[in-house]
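Spelled out from the first residue to the last, the chains are:
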Amino acid sequence: MTPGGGAHAQAQALGGRLFQASLAAAELMTVYLGVRLGLYEALAKGPATAAEFADRAGVAPRYATEWLEQQAAAGIVTVDDGTVPADRRRYALPEGHRLALTDTGGPWAVAPLSVLPVGGIAPALPRLAEAMRAGTGVPPDAYGEALRAAQAGMNRSVFTDLLPGWLRSALPDVHQALRRPGAAIADVGCGTGTSSLVLARTYPLARVHGFDRDADALATARAAVPAAAAERVRFSAVDLAGPADAVDLAGPAGAAGFDLVCVLDALHDMARPVEVLAACRAMLKPTGAVLLMEPRAAERFTAPADETERFIYTVSLLHCLPQSLVDEGSVGTGAVLRPETVRRHATAAGFARVTVLDVAHRFHRLYRLDLH
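Presented here is a report on the structure given in the accompanying data block. Here the structure is a predicted model, which means the values were calculated and not measured.

## Focus: the pairing of strand E4 (residues 207-212)
Judged by how many residues are buried, E4 sits mostly within the fold: 5 of 6 residues are covered. In the sheet, strand E3 (residues 184-188) pairs with E4 via 5 bridges, with the strands oriented parallel. Note on E4: the bridge partner recorded for alanine 186 is histidine 209. A crossover links E3 with its parallel partner E4, the connecting element being helix H10 (residues 194-202), and its sense is right-handed. With 5 bridges joining them, E4 and strand E5 (residues 233-237) adopt parallel strand pairing. Within the sheet, the bridge partner assigned to aspartate 212 lies in E5 and is alanine 237. With helix H11 (residues 215-224) bridging E4 and its parallel neighbour E5, the resulting β-α-β unit is right-handed.

Here it is in structure tokens:
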């Protein structure tokens, strides 16, 4: 082996790996354009030539041709015969790809994941670079509406398709309590309210109160409440880590408290998680429970890590940690919230018992916190 041969091989291997990552990132940008401009929806209406597609999608013909050819080269759309002249080729979106790219509420939806890094995180990178030098945070408005929409979209199918079943199977006693008249649920960090509305549909006798600091997200949540549920679904813009006397902890539950307090994919984003969990404890009935849904971080640090851990680390570094550091006194948790950290936070907040509820999901883990 020539001197430096081992290092050269490492460099070559890393170069190949980063080329593949660069290719994937660039192709992700083309998917972002397809989602942002409604190009996949246009092609989903049926096979089309580039000219027909351009007219249908409302984009310039030359761009339409280039995008279709690139998408066919990437294997995302199909072309009937690539040997005929370009103006005669007909392109189509396979049914499985249509489900993934246009059925935003379905279990196979990947469009929100495609929008997240390109439309939601990339615009904030200059601010993040400055923040990393200064040790400061990056405010939510640096990421913009694209990130909020992508986050909501990524969790929509989890809340709609999985959360009701998880409650039935993993928290059977709470599930039974929520089926009774007078039951009450708090949804802390509810964002745009998708989880709150799913909980309200799942338990039609229960009252649901969503809490979040983001007034704009709550405006979206309130607008989505159906008229039939208007009397039992409520949202409040509050900081549960703030002074206790400034927070309406009773909500629709009144003095009796809540049967269930949910914090779904939100605790790791919070600057003061112990204070938030203490507020959740104060909201509970003596027989109630807190349900946390958090990223499925490994039990301990491992390097190299598997793909799930790598994904959690990237979103943590690029978004979750920077936005949590905006608040003064932040503990700076980030998305890599390991079970031992959850137990430590819950104990500090006054909970007597923490139970890990393994629901065998690739990206999420549930925790139940009890008073006794």
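## So, the nonpolar core
Counting 33 residues, the largest nonpolar core has Leu163, Leu167, Ile185, Leu260 and Leu291 as its most contacted members. Listed by contribution, the elements that provide at least two residues to this core are helix H8 (145-170), helix H9 (172-178), H10, H11, E5, strand E6 (258-264) and strand E7 (284-295). The element that contributes the greatest number of residues to this core is H8, accounting for 5 residues. In this view, leucine 163 contacts Val158, Leu199, Leu264 and Leu291; residues no more than four positions away in its chain are not counted. If you look at the next biggest cluster of nonpolar residues, it comprises 29 residues, including Val238, Cys280, Leu284 and Ala346.

## Brief notes about the side chain of glutamate 309
You can see glutamate 309 is positioned in helix H13 (residues 307-324). Side-chain polar atoms of glutamate 309 contact the side chain of arginine 338, separated by 2.7 Å. Contact partners of glutamate 309, with chain neighbours within four places excluded, come to Arg296, Ala297, Ala298, Val336 and Arg338.

## A short note on H8
Along its length, H8 reaches its greatest deviation from straightness, about 50°, at leucine 162, and the proline proline 164 lies no more than four positions downstream. Restricting attention to buried positions, one finds in H8 the residues Leu147, Ala150, Ala152, Gly153, Asn155, Ser157, Val158, Phe159, Leu163, Pro164, Trp166 and Leu167.

## Some words on the pairing of E3
Across the 5 residues that make up E3, a large majority, 5, are buried. The alternating pattern of E3 places Ala184, Ala186 and Val188 and Ile185 and Asp187 on opposite faces, both of which are buried. In this structure, E3 lies alongside E6, joined through 4 bridges in parallel fashion. For isoleucine 185, the partnering residue across the bridge sits in E6 and is leucine 260.

## Thoughts on the environment of alanine 54
Positionally, alanine 54 belongs in helix H3 (residues 50-57). Sequence separation between alanine 54 and alanine 122 is 68 residues; the distance between their C-alpha atoms is 28 Å. Among residues more than four places away in sequence, those in contact with alanine 54 are Val59, Ala60, Pro61 and Ala64.

## Notes on the sheet that holds E6
Taken in spatial order, the 7 strands make up an open sheet running E5-E4-E3-E6-E7-E9-E8, and their pairing is mixed. In this open sheet, the two edge strands, each paired with only one partner strand, are E5 and strand E8 (353-357). Looking at each pair of strands side by side, their axes are set apart by 20° on average, direction ignored. Sheet strands in contact with helix H14 (residues 339-348) are E7, E8 and strand E9 (364-370), and its direction is about 25° off that of E9.

Calculation rules
Residues numbered from 1 in each chain as written. Predicted model: local features only at pLDDT ≥ 70, side-chain atom pairs only at ≥ 80, totals over all residues. Heavy atoms only, no water. Buried < 20%, exposed > 50% of the residue type's maximum accessible area, 1.4 Å probe, protein only. Helix = DSSP H or I, 4+ residues; strand = E, 2+ residues; numbered from the N terminus. Pairing = 2+ DSSP bridges. Right-handed = clockwise from strand over helix to strand, strands pointing away. Core = buried A, V, L, I, M, F, W, Y, C linked by side-chain atoms within 4.5 Å. Contact = heavy atoms within 4.5 Å. Polar contact = N/O pair within 3.5 Å; in protein donor to acceptor, adjacent residues only side chain to side chain. Bend = angle between axes of the 7 residues up to and from the residue. Axes fitted to C-alpha atoms, helices over the stretch in contact; angles between N-to-C directions.

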